[in-house]
Structure formats: structure tokens, C-alpha cells
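# Analysis of the macromolecular model
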Amino acid sequence: MPTPRNRQRINRSSSAPMPPASSSSRQTPTRNEGNSLNSPGGDNSISTPSNASNNDLPMQMTPPGRSMNHSSFRNSTQIDPLATPSYLLRPDASVSPGTYATPPPSLRYLEDLKNNSFHTNSTKDSTRLLPFGSPFYSSNRDSIGNLFSNYHVEPKMEDRMRYWRNSALQSHMFDSAAFWGNKLTSMSGTEDDIYWLAQTYFMMGQFARAHRLLWNLIESSVACRILAAECCIKLEKYQEVFDILCEEHPQGLEGAVHNPDGHIKMESYMCYLRGVAYAQQANLDYAKKNYKQSLVLDVRCFEAFNALIANHMMTNKEEWDFINSLDFDSQCGKEDGKFIKLNYLSMLKKHEHIKEIEEAREQLQTTYSLANNADVMLSRAEQLYAQCQFKDCLEMTTKILDMDTHNQACLPIHIVCLHELREKNKLFLLSHELVEHYPDAAVTWFGVGCYYYLISQNDEARRYFSKATNMDSRCGAAWVGFGHSFAVESEHDQAITAYSTAARLFQGSHLPSLFIGMQHLLANNFVAAEEYLFTSVQICGGDPLALNELGVLCYHKNQLNEAISYFEQALELVEATKSRAHVWETTWMNLGHAYRKMAKLDMAESYFQKVSAMSPPNASALSAIGYIYHIKENYPQAAIYYHEALGIRPSDPITQDLLGKCLESMVKTRSSSLDQQENIGVLRF
């Protein structure tokens, strides 16, 4: 979650955070001197009753991964991989063996058809339904005439219409697909045709129409039930989702569904849809529970994993423990399980377990040839961002966007880096481009808000951050940017309100709590500041900024030893994570001031000198060195450093006052020295 962040300094009584240099839904901070912006992206072995009459079973398309001959359709008990399991039915419901929706056919459908795998034992009454496949699984572009020219079975009108419908869907000709699908549904009335017509309506955005078409079928088919639930989510009928899917997944079924054909389990996707409905109702605990349940049932349900990670629903430790608790090998096999786990590890937060994440990313790049994959490159960009290497991060995100224009996962961090590096023109052009192509996306208006925040038009920034949150209430970067627009104007109460909303929505992110603590610290409310800062450290102990703020708090409470300890821990993390040292010069300055206040002037001077040696020179560091010499009564040397500091920042009132006092002390010292010399020359009798 790209979010604004402001690093505090203890050598000045700054009343508000300085405007950050960056702002940015997989949640990324931005930093700047003083204060900165860190923002702100199968077969389930379920069969129909054995006493079902063969005549009661409608013709079905070939289930995934199987090829069935004609006799198997007519002379054996049918197994429906999508029939609703009895444990998912309500007490008054029953499984109807005569109605179900089949999944898309196997990839080998047309190949088997051309090889005459689908044969018939009778030429007299062989009017069976040929297993027309979903167009999305077929690369064959033959015409309907060529397709059947080699077979002695003449396709029925319904069969040819199914081919027209599927061909239209493959070509995104949704009106044609709906037209022929509607006629086919009236002629055949089979659940397969009703399901695909509803699927067509769903693709056309006609969710209410699809939902009404499926309403009488949800008790008898998992596929229809899932599609109906998706329609309810689109229509914002979240309580109806629970009526269709039940409010909880039945207990004791984890891993109980056999999955021989390798399909992603529908039970897993049902858990995900329940999680979406709970999340939209702001019931985040139940949403997280269902997302995790979805992955327990099937680790390949990326939607559930992405919802957990992008929405920061788990802390660093929770993410790591949960991923390691999933049984990838038993679900997918050793090779596939390893590949899936490596991908998931590369997407975790980059504040802890950095070495393990780097190793996972390296294996993906070398073993699986994913060095140029956008997601793997984005993982590297997120690590660079966490290390405050904004220039390198921007180069990486630029490469990603060149390969995958307007990659939605990459855009927030790219926008934040442009803000951090103060690339006003590039950010302006990108914002206009996003408004033109994605006017309904929250990230678009987040980018516009960041531009206005960068040029210090905070009212306009708030307007667009607010628009982003109205489009997507879970756009964390926009909530944090909204809070920063108040914080930069010292509107602490409004800023805390915005940060509190972000903290409630993103319970696994430490940044909202950190920013709330910083606002309380600026308002000299040390008790509340300590509570929120400690909460931030508990959520993520690997962010040096949180430790820096705790050090500032201890400094103000005159707990200098504790302050020095926190500053040193922060700098150790900076070194361990290979962050840009220049970005953390504020922490070096804070450490120097803590030693100065303890009267350890030589130690303090060494840290100030380290900061002044960085490029470009730091006016605050030069002023602090001058003050050290001022205390030591080395007035000429102090005056030199004061003048150097004023040469960089001429309007600094504190340095001007110190220079004035230093010059006065020099005059007094010179006068006293001259008086002593005159007294020495007087003869006394």
C-alpha cells in the first residue's frame, strides 16, 4: 500500500510534516527529508443418485480431461462434476439428476473429434448431443461444414447453434452469442444452454438478467450457483450471496474433495466469493477467514491470495506463517507446489524475511525463466521501494509499464516514485493518460491527487484523493494521501481521522498506526503517540521509520538512553536492508542531537560530520556542527559553519540567531582579551 510518511526531526520545532516526495492494492511508503510521503495499486467425485433413470439424464458435454464415446452417454450412469454436493444444499433442497451445467470441455475435444474418438454403435437413432466445447478451449478455426464433413453422424440444428454461439463468444460477438443462445435455450431447455446464456449475459454486464435466468437452477448446479453469486456481488446484493452460498463453509471438509483432474476446486472459489461479500460489508475478520479457507481448500485460487496480500489483511508474521502452513505438495504435487509457493513468497511484504524472498525470486528467474515476468519484476521494485532506492525502483516500474501498459498492480508504486523524485511533468502526463483510458479506476484519481499534492495544492489533492476513495473504499494509498494533505497543513485531527480509516481497513499494515502516532507526537500528546507507535512496531518491526519515531518520542520525554537505542536500531536495519543511507540522514542527525544533549560533544560531532559529508551538503548538519563548536567556545570555527549553513539556506532563522550570538560572544571575548593585555602592561607601586 503506497502511503505518505513523514520522518520527524528533533533538532527543530517543526509544527507540521514537510510535503513528502511521493505517494502511491498488493499496500509502499515514500520518504523525504524532515517529513515525507510514503504511499501514496474437476472432478469433485460427486455423482448423481445411482437409481436415476438413464432417460432422465440429459445429454452432456464432455467433462474436462475426459473423452467419452457415444455408448457411455447413453448406457452408463452419468457423473456430473458440477452437481451440487449434498452438504452444500439447504435442508429443503434436493439434487436433481436431470439438470446440471457442465464445465468447459477438455483441451483435446476437437482433436478427439477429428480422430473419431466419439463413435457410435448405431447409425439408426444416433441423434446424440455432440460435446461442443467452450470456444475458449479450442484453437480450431474450421467452419461448421468442415468440422463435421468426416463424420457419418449428421449434427442436429441445436448442435450447429451451439457451435455458432461458442464461435461468437470466442470472437467477443456477445450480441450474436446471446441471440443464438436465446433461441437454443428455447428449443432445448437444457441446463447447459441456460448456463452459457447466463454466462453470455454476465460478460455483457447484464448481471440482473443473468441472475434471473439462473435463479431456478442454483439448487442443482454448483456452476450456476457460483455464477448467480457473482451476479449478486456485481449487483451489490451481498446478503443474497450468503443465501446462495451459505454463510460459512461446512467444517471438516478441508482437503476432503478429491481432485484428480487438476481443476481448481469450486468450493475454494465459493469461499472466496463469500469473503468478497463479507469484505464489502466491512466484516473484515470473516472476509479474511474465508479467503484463508479458500487457499486451504486449493492453493491455486490466486484471487483469495491476492485479496489477503493486496488489502494488507495480515501482518508480516501472519503472512509468513500462513504461507508456510499451506500444504502445496499434497494438493498440486511437488514440482507444481514448489512453483506456486515461490510465486506467493515473492509477493509478501518486503520488510522481513528479505533473504528468503530474494532466494524465491532468484529461483523464479533462473529455474523457471521468469526474469522478464511483470510480477517478478514488480516484486523486485517493491523491495527497492522499501529500501528507499526510488530512482532504481522507478527504472524497474518503467520497464514493467513498457512491457505491460498500465499494469494495475504496478501503477501505485510507479506514481509514488514519480512523486518522491519530484517528477512533476511525468506525473502530470501519466495522470492525464490514466484519466483518458481509466476514468473509473481509483488509481487514476490517486495519481491526480498525488500530482496536486506534489505542487502543494492541497485542496485539489484532497478533492481527488476523496474521489479515489469514493470509487474504491479500500484504496489505502488514497486514504493515506488524504490524511497527508491535512497533516502538511498541521490539521492534526482531520489527518488522524483519515489515517484511522486506513488503519481499520488495512489491519495488517503498520503505516496507518505509524502516521497516527506521528500526528500525536507533533501535537505533544505523548501518551497516545506511544500507544500507536508501539502498535506499529508490533505489526512490523522491520521498518526503520517506526524505530526513528520511537526515538524521537523518547528524546522529547528526556529518555536519552532509550532514544539512542532506538536510533541505533533503526540505522542497523537501514544497513541490513541496504537502504539508501542518504534518505536516513535525519536519523543520523537525531542520534547526534541525543548525544549532544547528553554532553557527549565529540560523539555528536562525528554523526553530524557524517551527514555533512553526504551530497548535497545538509544545512542542518552544518548548523549543528557550528553549535557544537559554539558550546566549546570555539567561536571562529562556529561562525564558519554557521556561514556555510546560511549559504545553503539563507532564510534559516535559528542559524541566523545562533550566528548573531556567536559574533557577540566573539566581540566580548576579544574585548576581554584586550583588557587583560592592557592590565598586564600597567606598573603598580
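Given the structure is predicted, the values throughout are model-derived calculations rather than measurements. (Residues numbered from 1 in each chain as written. Predicted model: local features only at pLDDT ≥ 70, side-chain atom pairs only at ≥ 80, totals over all residues. Heavy atoms only, no water.)

## Thoughts on the overall build of the chain
Selection criterion: The helix and strand labels rest on DSSP assignments: H or I over at least four residues marks a helix, E over at least two residues marks a strand, and numbering proceeds from the N terminus. The rule is simple: take the accessible area with a 1.4 Å probe, protein chains only, and divide by the maximum for that residue type; under 20% is buried, over 50% is exposed, in between is partly exposed. Here the Shrake-Rupley method, with its probe set to 1.4 Å, supplies the accessible areas, and only the displayed protein chains count as covering residues.
Along the chain, the regular secondary structure elements total 33 helices and two strands. Each of the 685 residues in the chain was classed as buried or not, and the buried ones make up 55%. Here the chain displays about 30,400 Å² of accessible surface, and carbon together with sulfur accounts for 49% of that area.

## What to know about the confidence of the model for the chain
Basically, it comes down to this: Known as pLDDT, the predictor's per-residue confidence is scaled from 0 to 100. Any two residues having at least one pair of non-hydrogen atoms within 4.5 Å are treated as being in contact.
Averaged over all residues, the pLDDT of the chain is 78; the fraction at 70 or higher stands at 73%. Counted against residues more than four places away or in other chains, residues 11-147, with its pLDDT under 50, gives 406 contacts.

## Some details on the nonpolar core
What counts is decided by this rule: Throughout this description, the term nonpolar core refers to a set of buried Ala, Val, Leu, Ile, Met, Phe, Trp, Tyr and Cys residues connected via side-chain atoms within 4.5 Å.
Judged by nonpolar contacts, the single largest core of 106 residues is most densely connected at Ile415 and Phe446. Here this core takes nine residues from helix H21 (residues 442-454), the largest share from any one element. One finds Phe202, Ala287, Ala304 and Tyr344 within the second-largest nonpolar core, a separate group that totals 68 residues.

## Describing the pattern of salt bridges
For clarity, the threshold we go by: Just to be clear on terms, a salt bridge is a Lys or Arg side-chain nitrogen sitting within 4 Å of an Asp or Glu carboxyl oxygen.
What the rule picks out here adds up to 15 salt bridges. The salt bridge partner of glutamate 489 is arginine 462, with a shortest N-O separation of 3.4 Å. In this pair, glutamate 489 sits in the loop between helix H23 (476-487) and helix H24 (492-505) while arginine 462 sits in helix H22 (residues 458-471), placing the two residues 27 residues apart along the sequence. Classification of glutamate 489 by relative accessible area gives partly exposed; the value is 36%. Across the salt bridge formed by aspartate 602 and lysine 632, the nearest N and O atoms sit 3.1 Å from each other.

## Comments concerning the packing of aromatic side chains
Selection criterion: Note on aromatic pairs: the rings of Phe, Tyr and Trp (six-membered ring only in Trp) are paired at centre separations within 6.5 Å, and the planes decide the class, stacked below 30 degrees, edge-to-face beyond 60, tilted for the rest. We call a charge positioned above a ring when the Lys NZ or Arg CZ atom is no farther than 6 Å from the ring centre and deviates by at most 35 degrees from the ring normal.
Using the criterion set out here, one finds 24 aromatic pairs in the structure. Pairing tryptophan 164 with tryptophan 180 gives two aromatic rings, centres 5.0 Å apart and planes at 65 degrees, and the pair type is edge-to-face. Taken together, the positions of tryptophan 164 in helix H4 (residues 157-170) and tryptophan 180 in helix H5 (residues 174-188) put the pair 16 residues apart, joining distant regions of the chain. Taking relative accessible area as the criterion, tryptophan 164 reaches 31% and is therefore assigned partly exposed. Relative to phenylalanine 390, the ring of tyrosine 385 lies with its centre 5.5 Å away and its plane at 65 degrees, an arrangement referred to as edge-to-face. Exposure class is identical for tyrosine 385 and phenylalanine 390. Each is buried. Through successive ring pairs, a cluster of aromatic residues spans Phe428, Trp445, Tyr451, Tyr452 and Tyr464. Here lysine 183 stacks its cationic end above the ring of phenylalanine 179, 3.7 Å away from the centre of that ring.

## Describing the packing of helix H17 (residues 374-386) against helix H18 (residues 390-403)
Quick reminder of the rule: Comment: axis = line fitted to C-alpha atoms, over the contacting stretch for helices; angle = value between 0 and 180 degrees taken between N-to-C directions. Geometric relationships in this document are graded by angle, where less than 35 degrees denotes roughly parallel, more than 145 denotes roughly antiparallel, 65 to 115 denotes roughly perpendicular, and other angles denote oblique. Handedness of a crossing follows from how the near helix is turned relative to the far one, being left-handed for an anticlockwise turn of less than a right angle and right-handed for a clockwise one. The classification used treats Ala, Val, Leu, Ile, Met, Phe, Trp, Tyr, Cys and Pro as nonpolar, Asp, Glu, Lys and Arg as charged, and all other residues, Gly among them, as polar.
One way to put it is that H17 packs onto H18 with a least axis distance of 8 Å and a crossing angle of 160 degrees. The angle between the axes of H17 and H18 places the two elements in the roughly antiparallel class. For H17 against H18, the interelement crossing comes out left-handed. Counting all contacts with H17, which are made through Ala374, Met377, Leu378, Arg380, Ala381, Leu384 and Tyr385, the residues of H18 involved are Phe390, Asp392, Cys393, Met396, Thr397, Lys399, Ile400 and Met403. Its residues placed into classes, the contact of H17 with H18 shows eleven nonpolar, one polar and three charged.

## Considering a nonpolar patch on the surface
What counts here: To count toward a patch, a residue needs a relative accessible area over 30% and no salt bridge; like charges are then connected within 9 Å, while nonpolar side chains (Val, Leu, Ile, Met, Phe, Trp, Tyr) are connected within 5 Å.
There is a patch of nonpolar side chains on the surface, built from Met157, Trp164, Phe179, Trp180 and Met187 and spanning about 460 Å² of accessible area. Those elements that provide at least two residues to the nonpolar patch are H4 and H5. For the nonpolar patch, the leading source of residues is H5, giving three residues. Structurally, the position occupied by methionine 187 is in helix H5. Methionine 187 sits in the partly exposed class, given a relative accessible area of 44%.

## What about the side chain of glutamate 158?
Quick note on the threshold: Counted as positive: Lys and Arg. Counted as negative: Asp and Glu, with His and the chain ends omitted from the count.
You can see glutamate 158 is positioned in helix H4. Summary of buried charges: glutamate 158 has no salt-bridge partner, and the nearest side chain of opposite charge, lysine 156, is 4.4 Å away. Excluding residues within four positions of it along the chain, glutamate 158 makes contact with Leu184 and Met187.

## Quick notes on unusual backbone geometry
In this structure, histidine 172 is a non-glycine residue whose phi angle is positive, near 60 degrees. Position of histidine 172 among the secondary structure elements: in the loop between H4 and H5. Under the relative-accessibility criterion, histidine 172 is labelled exposed at 57%.

## Points about the state of the cysteines
The cut-off we apply is this: Disulfides are defined as pairs of cysteine sulfur atoms found within 2.5 Å of each other.
One pass over the structure, following the stated rule, counts zero disulfides. Of all cysteine sulfurs, the one in cysteine 271 lies closest to cysteine 301, which takes part in no disulfide; the gap is 8.8 Å. Free cysteine cysteine 450: the closest other cysteine sulfur is in cysteine 475, separated by 9.4 Å.

## Observations regarding H4
Condition: Given a helix with a known number of residues, its expected span is that number minus one, times 1.5 Å.
Across its 14 residues, H4 extends 20 Å between first and last C-alpha, which sits within 8% of the 20 Å expected from 1.5 Å per residue. All of the buried residues in H4 are Glu158, Asp159, Met161, Arg162, Tyr163, Arg165, Asn166, Ala168 and Leu169. After H4 finishes, the residue histidine 172 shows a positive phi value of roughly 60 degrees.

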